[in-house]
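What the coordinates show
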Amino acid sequence: MSLDVVRIKKDFPLLSRTVRDGKELVYLDSGATSQKPYQVLDAERAFYETSYAAVHRGAHALAEEATIHYEDARSAIAGFIGAAPSNIVFTKNATEALNLCAYAFSNATSLSRQGAGSRSIDPRFILKPSDSIVISEMEHHANLVPWQELCAKTGATLRWFSLDDEGRLDLSNMDTLIDSTTKVVSIVHQSNILGTVNPVRAIMDRAHEVGAVGIVDGCQSVPHMPVDIASVGADLLMWSGHKMLGPTGIGCLYGTSEILDAMPPFLTGGSMIEMVSIETSTFAPAPQKFEAGTPMVAQAVGLAAGVRYLEEIGMDEVAEHEAALTDHTLSVLTAIPGVRIIGPSTTFERGSTISFVVDGLHPHDVGQVLDNLGVAVRVGHHCAWPTCRRFGVPATTRISPYIYNDESDIDRAAAGIIAAQEFFGVAP
Amino acid sequence: MSLDVVRIKKDFPLLSRTVRDGKELVYLDSGATSQKPYQVLDAERAFYETSYAAVHRGAHALAEEATIHYEDARSAIAGFIGAAPSNIVFTKNATEALNLCAYAFSNATSLSRQGAGSRSIDPRFILKPSDSIVISEMEHHANLVPWQELCAKTGATLRWFSLDDEGRLDLSNMDTLIDSTTKVVSIVHQSNILGTVNPVRAIMDRAHEVGAVGIVDGCQSVPHMPVDIASVGADLLMWSGHKMLGPTGIGCLYGTSEILDAMPPFLTGGSMIEMVSIETSTFAPAPQKFEAGTPMVAQAVGLAAGVRYLEEIGMDEVAEHEAALTDHTLSVLTAIPGVRIIGPSTTFERGSTISFVVDGLHPHDVGQVLDNLGVAVRVGHHCAWPTCRRFGVPATTRISPYIYNDESDIDRAAAGIIAAQEFFGVAP
Amino acid sequence: MNLESLYQEIILDHYKHPRGQGLLDSPLGSAHHVNPTCGDELTVQVGVGSAGGLVVGYEGQGCSISQASASVMSELVSGHSVQDAETFRLAFIEMMHAKGTGEPDEEVLGDAVAFAGVAKFPARIKCALLGWMALQDAEIQSGLLTNQSEEHSP
Amino acid sequence: MNLESLYQEIILDHYKHPRGQGLLDSPLGSAHHVNPTCGDELTVQVGVGSAGGLVVGYEGQGCSISQASASVMSELVSGHSVQDAETFRLAFIEMMHAKGTGEPDEEVLGDAVAFAGVAKFPARIKCALLGWMALQDAEIQSGLLTNQSEEHSP
Ligand SMILES: Cc1ncc(COP(=O)(O)O)c(C=O)c1O
Ligand SMILES: Cc1ncc(COP(=O)(O)O)c(C=O)c1O
């Protein structure tokens with residue numbers, strides 16, 4: 001493995017702690033959220049201690065400094081995916097970013113039904129009952145429930161790509177699924193439960209063929225592989241800071257200038273306006289248009305430090321490291337009798353989040369035995385309940401490593417699974 | 001003055017820095033955002049370093065600890081205004097909380113127009129073109145633009161209390177302004193530009209008489225005075241963490257159990273659901289219903305430390321300290337020829353944010369001279385543009401002190417104003 | 001805190017050999033509950049037997065704790081009055097929130113005291129309560145229990 | 001960084017004695033710009049004089065920087081061609097983004113070089129640019145300038 005995991009681990013204060021009466025911690029739940037290196041914590045704290053003030057409003061020295069820090073953070077984060085700063089909107093998490101997208105459609109539809117007055121509403125965002133929205137059966141609830149709500153508000157129909165037994169999208173009917181009625185196609189880049197990496201470029205291209213807005217949920221791709229926004233081909237792409245070494249409370253939305261201009265605002269209030277009278281208002285250009293209220297300034301500064309940390313390692317190296325770990329995990333897991341992988345069984349177009357079930361054991365019980373040995377994994381439906389239903393399981397156990405994990409961590413998880421089988425007397 | 005400002009100041013690392021070539025910093029912009037004591041920074045950092053994980057989802061030891069920290073923070077913050085933890089929803093800022101309220105109405109209206117299916121939509125949230133929404137002429141844009149947008153989406157009419165020359169609400173027409181057509185009354189507790197403290201109880205009572213939902217914007221009251229939610233009488237009240245020693249990226253929404261149950265969700269996705277299939281979902285009870293996605297966990301922990309810091313001082317003492325500072329500020333400002341206060345001229349029912357204009361000088365220029373002397377104040381329309389229009393000024397200069405300021409800080413600001421008059425040759 | 005303190009022998013036994021599983025022919029009330037964090041599902045049904053005591057049926061899927069707890073619940077409650085069932089339920093809830101302190105009343109709870117250790121694992125408390133909460137809803141649905149006596153489960 | 005580096009004599013002079021203030025009788029194009037942070041407002045109008053050069057009028061309220069900058073702009077641009085005005089505008093924008101480094105071209109900018117110090121006060125850059133941006137819009141509106149040549153102001 002090319003990463004110096006021992007050295008990297010030293011940057012993460014939490015990873016040196018013990019759990020459950022002195023057991024060394026093995027953290028394999030980075031698909032849910034990552035731990036933070038001191039470089040991120042230091043950057044955030046230094047900002048509060050030296051340059052903190054309200055941004056984009058004040059004219060005093062501190063306010064100027066704070067604004068520079070905030071906008072420099074935006075540039076660094078934009079650069080990470082090859083975007084321009086003005087194409088990045090900060091949200092509180094990826095879920096808010098996905099809702100921002102869905103609300104562009106419901107707001108445009110309501111405004112136009114009411115008669116929008118002098119405001120011009122881009123017709124691409126106005127939905128009719130005959131319109132359709134296309135997602136997939138492997139979406140996180142964050143890329144599912146907002147679209148269900150949008151359909152309930154507008155009468156549009158939700159459609160989805162189904163999955164094959166390996167956990168890959170069935171693309172055979174793409175051209176009928178995405179048709180002239182389709183206004184939005186929103187697809188996860190890498191599944192947070194199956195690990196599948198989807199051919200998003202082809203799907204975005206098809207979306208554009210029919211004039212639909214193309215959205216990619218990058219929550220599990222941006223932290224784990226080099227993502228170049230130009231080659232993804234999405235109009236909108238979002239991800240969360242907390243899964244890529246950053247603080248909680250910050251998410252990022254990339255949008256093309258064209259689409260951000262066309263979208264009506266979502267949250268309204270201070271800092272996103274151009275002119276305000278008590279009767280009516282006009283709005284600032286993006287990204288400001290989408291950043292109402294006091295933003296997550298310190299969190300942006302922290303996330304920028306996280307981005308720099310990852311760039312110093314190199315995203316190619318991160319991806320390579322994870323591919324090697326995935327390979328190792330798949331082989332040790334499949335070597336345990338009674339363990340079944342839910343998701344692709346090879347490293348081909350798959351990431352490092354690996355779900356599995358153990359015959360005769362409920363994931364909660366597997367997780368509990370692992371936890372008792374100091375191994376932190378996630379159990380449950382991983383906010384992808386429809387995916388669980390597709391595979392006929394109520395839940396799975398999920399291992400999701402990151403840059404601070406190595407093969408020995410995986411081996412401890414594997415030993416824990418065997419211990420669970422023994423404890424419950426279900427070893428085949 | 002009862003507060004030991006010298007001791008308090010030592011807790012705020014930033015306040016010991018200098019600006020503009022070695023000038024001692026006088027920070028008088030707490031109405032925009034407050035500085036942070038090391039107790040808050042320490043609490044947040046310690047959380048990341050020892051107990052960080054995803055909350056409400058994981059079953060491992062770290063996830064349990066993180067969840068306990070998060071929910072303990074909610075309890076501490078709820079207790080600060082005398083509320084129960086389940087009545088507090090965390091948002092990214094107060095602006096999001098106000099939008100959450102406004103979207104309850106637009107979502108309910110869209111869902112019911114579309115035919116809500118099996119979902120029951122509380123009729124209080126369904127708006128018709130004959131309905132009205134009541135605010136005031138002293139609202140922050142965050143409590144104005146979301147209601148303008150709601151009116152544009154539903155056809156409802158926006159009404160407002162006007163202001164007298166002292167900057168107080170004209171309540172003489174309250175019973176006709178708030179009438180049987182009124183569905184929402186949303187009023188600021190303490191104005192962020194005028195400093196006026198409004199008789200919110202009487203206004204909320206009138207709102208309830210006509211069956212309207214009563215909302216109070218507590219952004220400038222909760223950080224500065226004891227606020228007991230029961231005596232405010234609001235159905236919903238929100239404020240921001242960053243103005244009361246807390247981190248950026250967290251706001252709080254209080255709602256009665258009854259109203260939170262009745263409101264449809266706003267952001268949807270993970271952690272706010274009960275059951276999800278690919279076709280339809282049901283939602284968890286509040287507060288979870290309103291907290292989609294990974295929440296601002298570290299920020300909640302930080303804000304709870306801020307709340308404890310303020311409680312140790314005592315909110316009565318904070319209010320008393322600010323009243324004394326207000327008194328002092330009003331007298332030194334009115335003693336300068338050419339200075340005019342915009343807002344109440346006495347401490348009676350007014351807080352410590354004090355706006356003024358200087359004859360012959362634009363606020364930007366006043367602020368620049370003050371900044372050059374190390375004094376940080378806010379200049380502009382303070383996101384209350386209609387209020388500025390009401391007083392016939394494009395902008396004001398605003399002094400807004402907090403617990404770490406004393407009379408000498410005010411005196412330095414006053415000296416700066418005189419210096420500005422001299423620099424521009426406009427001293428009367 | 002070790003595994004055995006959570007997974008008592010009695011719990012594992014009820015998990016492997018659940019008592020009283022199955023639905024009723026003509027229930028008076030029925031409730032379907034889920035644990036939204038893990039997707040566990042449980043249906044609990046109630047009726048009144050010839051001797052006037054409660055009859056309880058259940059069916060579902062879930063982890064050892066939720067399955068065993070439903071089994072113990074059905075065994076404990078069956079044949080008892082609605083009032084007794086309330087006493088058991090409240091005692092069980094109290095035990096769950098005791099954070100492992102306090103001595104649960106074996107007189108009242110019988111086999112259910114085996115779940116005392118669950119209180120030390122916050123993420124599992126919901127699992128242990130699933131059957132009890134569904135029981136309450138089924139009783140309310142049947143009209144045997146009125147809504148007033150509903151307890152708030154945090 | 002001192003006050004004088006921002007408020008050059010020339011700036012204060014233009015602020016107190018603005019040149020060419022007032023609106024045109026029959027403008028070819030007109031643009032109203034605001035600075036959303038402070039509420040400053042400015043209307044700039046353009047026309048073409050008998051000699052073929054630009055005629056500029058303006059009216060508004062604002063701080064010393066925005067008012068003086070509009071005054072200097074009108075003086076500099078009036079009587080010149082649209083192409084010349086573009087040269088001035090681009091040079092002015094470049095100076096604003098130079099963060100106080102680089103030597104502004106006095107040949108081109110004349111009195112406007114006095115605004116070089118503004119570049120060191122990011123919050124005031126918008127004030128100094130207000131008139132220039134409104135000029136550009138007024139020119140586009142009048143058809144004298146085509147949209148393509150529009151420059152993005154960060
Ligand atoms: C009265 C009032 N309401 C609302 C807000 C908006 O708060 P935030 O920017 O934290 O969302 C503020 C502060 O800017 C305020 O002072
Ligand atoms: C694929 C995917 N989409 C969306 C989300 C939602 O992210 P967040 O909870 O940070 O809003 C997650 C993570 O939980 C995810 O893995």
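What you see as residue numbers is a count from 1 along each chain, following the sequence as written. Whichever chain is written first is A, and whichever ligand is written first is 1; the rest continue in order. This being a predicted model, a pLDDT of at least 70 is required before a residue's local features are given, and a value of 80 or more before pairs of side-chain atoms are given or counted; all residues contribute to the totals for chains, interfaces and linings. Side-chain numbers here rest on the full set of heavy atoms in the structure, without hydrogens or water.

Concerning the domain arrangement of chain A
Residues and elements named next belong to chain A. Per the domain assignment, the segments making up chain A are domain 1 (5–30 + 314–423) and domain 2 (45–311). Just the C-alpha atoms count here: the centres of domain 1 and domain 2 sit 29 Å apart. Simply put, the buried area is the total loss of 1.4 Å probe accessible area from both parts when two parts are fitted together. Taken together, both faces of the contact between domain 1 and domain 2 bury some 2,800 Å²; the carbon and sulfur share is 53%. Considering only the surface of domain 1 that becomes buried against domain 2, Met315, Arg390 and Tyr402 emerge as the three largest contributors, covering 23% of it. Salt bridge, as used here: a side-chain nitrogen of Lys or Arg that lies within 4 Å of a carboxyl oxygen of Asp or Glu. Our enumeration of links across domain 1 and domain 2 arrives at 1 salt bridge. Note that Asp165 and Arg390 form a salt bridge whose closest N and O atoms lie 2.8 Å from each other. Here a polar contact means two N or O atoms within 3.5 Å. Within protein one must be a hydrogen donor candidate and the other an acceptor candidate, and residues neighboring in sequence count only if both atoms are side-chain atoms. The interface formed by domain 1 and domain 2 contains 21 residue pairs in polar contact (both at pLDDT 80 or more). Where helices and strands are cited, they refer to DSSP runs of H or I of at least four residues and of E of at least two residues respectively, numbered from the N terminus. Among the elements of the structure, α11 (315–334), α13 (385–390) and β17 (396–399) are those that each provide at least two residues to the side of domain 1 that touches domain 2. Here the nonpolar group is Ala, Val, Leu, Ile, Met, Phe, Trp, Tyr, Cys and Pro; Asp, Glu, Lys and Arg are the charged ones; every other residue, Gly included, is treated as polar. Counted by class, the side of domain 1 that touches domain 2 contains 17 nonpolar, 11 polar and 7 charged residues. The split of the chain into domains comes from an automatic or database domain assignment.

Topic: the relation of the copies chain B and chain A
Superposition of the copies was done by least squares, using only C-alpha atoms of residues whose pLDDT is at least 70 in both. Mapping chain B onto chain A calls for a rotation angle of 180° and an axial translation of 0.0 Å; the resulting RMSD is 0.0 Å. Both copies are brought into coincidence by an operation consistent with a two-fold rotation axis.

Regarding the sheet that holds strand β2 (residues 40–48) of chain C
Residues and elements named next belong to chain C. Here, a strand pair is defined by DSSP locating no fewer than two bridges between the strands. Reading across the sheet, the 3 strands line up as β1-β2-β3 and stay open at both edges, with antiparallel pairing between neighbours. Looking along the sheet, the strands with just one partner apiece sit at the ends: β1 (29–35) and β3 (54–61). Taking each pair of neighbouring strands and ignoring which way they run, the sheet shows an average axis angle of 15°. Two strands pair when backbone bridges link them, and β1 and β2 are joined in this way by 7 bridges, in the antiparallel orientation. Bridge pairing in β2 places Ser30 opposite Gln45. Along the sheet, helix α3 (residues 64–77) contacts β2 and β3; its crossing angle with β3, the most-contacted strand, is approximately 170°. With axes taken as lines fitted to C-alpha atoms, and helix axes fitted only over the stretch in contact, angles between N-to-C directions fall between 0 and 180 degrees. In what follows, a contact means two residues having at least one pair of non-hydrogen atoms within 4.5 Å.

Regarding the packing of helix α4 (residues 94–114) of chain A against helix α5 (residues 145–154) of chain B
When two helices pack together, their arrangement is given by the angle between the helix axes and the distance between those axes. Running from N to C, α4(A) and α5(B) cross one another at 60°; their axes reach a closest spacing of 6 Å. Relative to α5(B), the element α4(A) lies oblique. Facing α4(A), whose interface residues are Asn107(A), Ser110(A), Leu111(A) and Gln114(A), α5(B) presents Ala152(B), Lys153(B) and Thr154(B). A breakdown of the residues in the contact of α4(A) with α5(B) according to their chemical character gives 2 nonpolar, 4 polar and 1 charged. Roughly parallel means an angle under 35 degrees; roughly antiparallel, over 145; roughly perpendicular, 65 to 115; everything else is oblique.

Details of the site of ligand 2
The rule for a residue being near a molecule or strand is that one of its heavy atoms must lie within 4 Å of it. Lining the immediate environment of ligand 2, one finds 16 residues, of which Thr95(A), Asp217(A), Ser240(A), His242(A) and Lys243(A) sit closest. Around ligand 2, the neighbouring residues derive from chains A and B rather than from a single chain. Ala94(A) is positioned such that a nitrogen or oxygen atom in its backbone is 3.3 Å from an oxygen atom of ligand 2. One of the side-chain N or O atoms of His140(A) is found 3.1 Å from an oxygen atom in ligand 2. When isolated, ligand 2 has an accessible area of 400 Å², and the protein chains bury 99% of it. Partitioning the shell around ligand 2 into residue classes produces 4 nonpolar, 9 polar and 3 charged. Residue-level accessible areas treat just the shown protein chains as cover; the underlying method is Shrake-Rupley with a 1.4 Å probe.

Observations regarding the pattern of salt bridges
A full pass over the atoms with the stated rule returns 50 salt bridges over all chains. For Asp122(A), the salt bridge identified is with Arg124(A), shortest N-O distance 3.0 Å. Working definition: with a 1.4 Å probe on protein chains only, accessible area under 20% of the residue-type maximum means buried, over 50% means exposed, and in between means partly exposed. With a relative accessible area of 25%, Arg124(A) lands in the partly exposed category. Salt-bridge contacts for Lys128(B) lead to Asp131(B); the nearest nitrogen and oxygen are separated by 3.4 Å. Overall, the relative accessible area of 42% leaves Lys128(B) in the partly exposed class.

Describing the site of ligand 1
Within the structure, ligand 1 sits among 16 residues, and Thr95(B), Asp217(B), Ser240(B), His242(B) and Lys243(B) are positioned closest to it. One chain alone does not account for the residues near ligand 1; they come from chains A and B. At 3.1 Å from an oxygen atom of ligand 1 is found a side-chain nitrogen or oxygen belonging to His140(B). At 2.6 Å, a side-chain N or O of Asp217(B) approaches a nitrogen atom of ligand 1. Computed on the free molecule, ligand 1 has an accessible area of 390 Å², of which 99% lies beneath the protein chains in the complex.

A look at the interface of chain B and chain A
Opposite the 102 residues of chain B that make contact, chain A presents 103 residues. Per-residue buried area on chain B facing chain A is highest for Tyr52(B), Lys92(B) and Ile278(B); these three make up 9% of the total on that side. Our enumeration of links across chain B and chain A arrives at 10 salt bridges. Taken together, the connections running from chain B to chain A amount to 51 residue pairs in polar contact (both at pLDDT 80 or more). The element contributing the most residues to the side of chain B that touches chain A is helix α4 (residues 94–114) of chain B, with 9 residues. When the residues that make up the side of chain B that touches chain A are grouped by side-chain class, the tally is 46 nonpolar, 33 polar and 23 charged.

Remarks on the interface of chain D and chain B
Residue-level contacts link 24 residues of chain D with 18 residues of chain B. Buried area between chain D and chain B, summed over both chains or domains, comes out near 1,800 Å², and the portion from carbon and sulfur atoms is 56%. At the boundary of chain D with chain B, the tally comes to 1 salt bridge. Here Arg124(D) and Asp365(B) are joined by a salt bridge, their closest N and O atoms 3.0 Å apart. Where chain D touches chain B, the interface holds 8 residue pairs in polar contact (both at pLDDT 80 or more). Listed by contribution, the elements that provide at least two residues to the side of chain D that touches chain B are α1 (3–6), α2 (9–16), β2 (40–48) and α6 (122–142) of chain D.

Focus: the nonpolar core
In globular proteins that are soluble, nonpolar side chains generally tend to be buried together. The biggest cluster of nonpolar side chains holds 173 residues, and the ones touching the most others in it are Ile403(A) and Ile403(B). Excluding residues within four positions of it along the chain, Ile403(A) makes contact with Leu3(A), Val5(A), Ile8(A), Phe12(A), Leu245(A), Tyr309(A), Leu310(A), Ile313(A), Val318(A) and His321(A). Of all hydrophobic cores here, the second largest spans 96 residues; its members include Ala94(A), Leu158(A), Ile259(B) and Met272(B). For this analysis, a nonpolar core means a set of buried residues of the types Ala, Val, Leu, Ile, Met, Phe, Trp, Tyr and Cys, connected via side-chain atoms within 4.5 Å.

So, the packing of aromatic side chains
Pairing of aromatic rings covers Phe, Tyr and Trp, the last counted by its six-membered ring, and requires centre-to-centre distances within 6.5 Å; plane angles under 30 degrees mean stacked, over 60 mean edge-to-face, and any other angle means tilted. Enumeration over the complete set of coordinates arrives at 38 aromatic pairs over all chains. Measuring from centroid to centroid gives 5.6 Å for Phe423(A) and Tyr7(C), while their planes differ by 55°, and the two rings are tilted. Of the two residues, Phe423(A) sits in helix α14 (residues 407–423) while Tyr7(C) sits in the loop between α1 (3–6) and α2 (9–16), which places them in two different chains. Look at Tyr7(C) and you get buried, because its relative accessible area is 2%. On the basis of an interplanar angle of 70° and a centroid distance of 6.3 Å, the ring pair of Phe105(B) and Trp147(B) is categorised as edge-to-face. Here Phe105(B) is found in helix α4, whereas its partner Trp147(B) is found in helix α5, with 42 residues between them in sequence. Across this residue pair, the class does not change: Phe105(B) and Trp147(B) are buried. Put simply, a charge is over a ring when the Lys NZ or the Arg CZ is close to the ring centre, within 6 Å, and near the line of the ring normal, within 35 degrees. A cation sits over an aromatic face here: Arg390(A) above Phe391(A), 4.8 Å from the ring centre.

Digging into the pairing of β17(A)
Residue and element names in this part refer to chain A. Both faces of β17 are covered, namely the face carrying Thr396 and Arg398 and the face carrying Thr397 and Ile399. When strand β14 (residues 354–358) meets β17, the two strands line up antiparallel, connected through 3 bridges. Opposite Ser355, over in β17, you have Arg398 as the bridge partner. The pairing of strand β16 (residues 378–380) with β17 spans 3 bridges and is classified as antiparallel. Bridged to Gly380 within β17 is Thr396.

Side note on the arrangement of the chains
Among the 5 pairs of chains in contact, the pair with the most contacts is chains A and B. Of all C-alpha pairs spanning chain C and chain D, none lies closer than 45 Å, and the two are not in contact.

Here we look at α2(C)
Along α2(C), the residues that are buried comprise Ile11(C), Leu12(C), His14(C) and Tyr15(C). Along the axis of α2(C), the buried residues cluster in a sector spanning 165°; they form a single face. Packed against the buried residues of α2(C) are α12 (363–372) and α14 of chain A together with α1 and α3 of chain C. By arc we mean the arc of the directions from the helix axis to the C-beta atoms, nothing more.

Quick word on the sheet that holds strand β10 (residues 251–255) of chain A
Residues and elements named next belong to chain A. Strands sit in the order β4-β10-β9-β8-β7-β5-β6 across an open sheet of 7 strands; the sheet is mixed. Looking at the sheet topology across the chains shown, the edges are occupied by β4 (88–91) and β6 (157–161). When strand polarity is set aside, the average angle formed by the axes of neighbouring strands in this sheet is 20°. As paired elements, strand β5 (residues 132–136) and strand β7 (residues 182–188) share 3 bridges and run parallel to each other. Paired with Val134 across the bridge in β7 is Val185.

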